[in-house]
Amino acid sequence: MTDATPPTPTSEADEAPGSPDYEAMTRDIADVPAVEVITTVAVHLLSAAAVNLGLDKPDSEHKDLDEARKLITALAGLVTASATEISSFHAAPLRDGLKSLQLAFREASIVPDEPGQGPGEKFTGPVYA
């Protein structure tokens, strides 16, 4: 008998050329400041909501107010919850963008919500023009 250890099984991902280096990616994301992660997510939510409101171009085929409502509410929750963590310098422009989306939603809606009942208004309070 020999003391040779059996070979360890490898997955195809380990052998594939150009496969991602997950350890490096984890290390890279750990180096990103929290404020940058939060603002990046907020900008993605803001952009997606704008497209779903049809603000990307006139007569947009992507208009979906139900989806926009969900995205605006998520953005409002994120901005409200993180405002003290990311400072006014970062939070103020996000709040401005959020308010613009809330007003655009109110304008696009056939049946307007009652004040305080619009998307995200449970986090921000009623939004007026």
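Draft legend 1. Quick peek at the overall build of the protein chain. Counting its regular elements, the protein chain contains 5 helices and 0 strands. A buried classification covers 28% of the 129 residues belonging to the protein chain. Roughly 9,100 Å² of accessible area belongs to the protein chain as shown, and the carbon and sulfur atoms make up 58% of that amount.

Draft legend 2. Just the nonpolar core, in detail. In this structure, Leu-53, Ile-72, Leu-75 and Leu-101 are the most contacted members of the largest nonpolar core, which totals 20 residues. The set of elements that each furnish at least two residues to this core consists of α3 (34–52) and α4 (65–108). Examining the composition of this core, we find that 14 residues originate from one element, α4, more than from any other. In contact with Leu-75, not counting residues within four places along its chain, are Ala-42, Leu-45, Leu-46, Leu-98 and Leu-101.

Draft legend 3. Main features of the environment of Lys-70. You can see Lys-70 is positioned in helix α4. Spatially, the C-alpha atom of Lys-70 lies 8.3 Å from that of Ala-49, the residues being 21 residues apart in sequence.

Draft legend 4. View of the pattern of salt bridges. A complete count under the given rule lists 4 salt bridges for this structure. The closest approach of N and O atoms between Asp-113 and Arg-69, which form a salt bridge, is 2.8 Å. Highlighted residues: Asp-113 in the loop between α4 and α5 (121–124) and Arg-69 in helix α4, separated in sequence by 44 residues. A residue is classified by how much of its surface remains accessible, and Arg-69, at 27% relative accessible area, is partly exposed. One salt-bridge network, in which partners are shared between bridges, spans Asp-66, Glu-67 and Lys-70.

Draft legend 5. Layout of a negative patch on the surface. On the surface, Asp-21, Glu-23, Asp-28 and Asp-31 cluster together into a negatively charged patch. The exposed category is assigned to Asp-31, whose relative accessible area is 60%.

Draft legend 6. How the structure looks around a nonpolar patch on the surface. Among the surface-exposed residues, Ile-29, Val-32, Val-37 and Val-41 lie close enough to one another that they form a single nonpolar patch of about 300 Å² accessible area. By relative accessible area, which is 38% here, Val-37 ends up partly exposed.

Draft legend 7. Layout of the packing of α3 against α4. Interaxial distance between α3 and α4 falls to 8 Å at its minimum, and their mutual angle equals 150°. Taken together, the axis directions place α3 and α4 in an arrangement best described as roughly antiparallel. When the axes of α3 and α4 are compared, the crossing they make is left-handed. A per-class count over the contact of α3 with α4 returns 21 nonpolar, 5 polar and 1 charged.

Thresholds applied
Residues numbered from 1 in each chain as written. Predicted model: local features only at pLDDT ≥ 70, side-chain atom pairs only at ≥ 80, totals over all residues. Heavy atoms only, no water. Helix = DSSP H or I, 4+ residues; strand = E, 2+ residues; numbered from the N terminus. Buried < 20%, exposed > 50% of the residue type's maximum accessible area, 1.4 Å probe, protein only. Areas by Shrake-Rupley, 256 points an atom, 1.4 Å probe, with all protein chains shown as cover. Core = buried A, V, L, I, M, F, W, Y, C linked by side-chain atoms within 4.5 Å. Contact = heavy atoms within 4.5 Å. Salt bridge = Lys/Arg side-chain N within 4 Å of Asp/Glu carboxyl O. Patch = residues over 30% accessible without salt bridge, like charges linked within 9 Å, V, L, I, M, F, W, Y side chains within 5 Å. Lys, Arg positive; Asp, Glu negative; His and termini not counted. Charge placed at Lys NZ, Arg CZ, Asp CG, Glu CD. Axes fitted to C-alpha atoms, helices over the stretch in contact; angles between N-to-C directions. Parallel < 35°, antiparallel > 145°, perpendicular 65-115°, else oblique. Left-handed = near helix turned anticlockwise from the far one by under 90°. Nonpolar A, V, L, I, M, F, W, Y, C, P; charged D, E, K, R; others polar.

Everything listed here is a matter of geometry and, on its own, says nothing about what the molecule does.
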